[in-house]
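Observations on chain architecture
Here's the letter readout for the chains.
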Amino acid sequence: MLGELDALAAMSDADIDTSDIPETTEFSNPRRGVFSASPNRKVCPDNGSSDITLERKS
């Protein structure tokens, strides 16, 4: 399996055939910024009691 991954990593984008993958055109319940922190948010370090998020006012 590692050999296959290495071979895939060595391929150029033009050589990878994705024609058999269906195009996804509809997303149910889309949300932006779920996996990245917003530049206007600062998350305080966890002190063990709870998760605290502070919002900066622009």
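The present account deals with the structure reproduced in this document. (Residues numbered from 1 in each chain as written. Predicted model: local features only at pLDDT ≥ 70, side-chain atom pairs only at ≥ 80, totals over all residues. Heavy atoms only, no water.)

A count of helical and extended segments in the protein chain gives one helix and two strands. Along the protein chain, helices (α) and strands (β) appear in the sequence α-β-β when read from the amino end. Residues counted as buried form 0% of the 58 residues belonging to the protein chain. In the structure as shown, the protein chain presents an accessible area of about 6,200 Å², 52% of it carried by carbon and sulfur atoms. (Helix = DSSP H or I, 4+ residues; strand = E, 2+ residues; numbered from the N terminus. Buried < 20%, exposed > 50% of the residue type's maximum accessible area, 1.4 Å probe, protein only. Areas by Shrake-Rupley, 256 points an atom, 1.4 Å probe, with all protein chains shown as cover.)

On the surface, a nonpolar cluster with roughly 400 Å² of combined accessible area is contributed by Met 1, Leu 2 and Leu 5. Its location among the elements puts Met 1 in the segment before helix H1 (2–10). Residue Met 1 is classed as exposed on the basis of its relative accessible area, which comes to 78%. (Patch = residues over 30% accessible without salt bridge, like charges linked within 9 Å, V, L, I, M, F, W, Y side chains within 5 Å. Salt bridge = Lys/Arg side-chain N within 4 Å of Asp/Glu carboxyl O.)

Despite not being glycine, Asn 29 shows a phi value in the positive range, around 60°. Using a relative accessible area of 70% as the deciding quantity, one classes Asn 29 as exposed.

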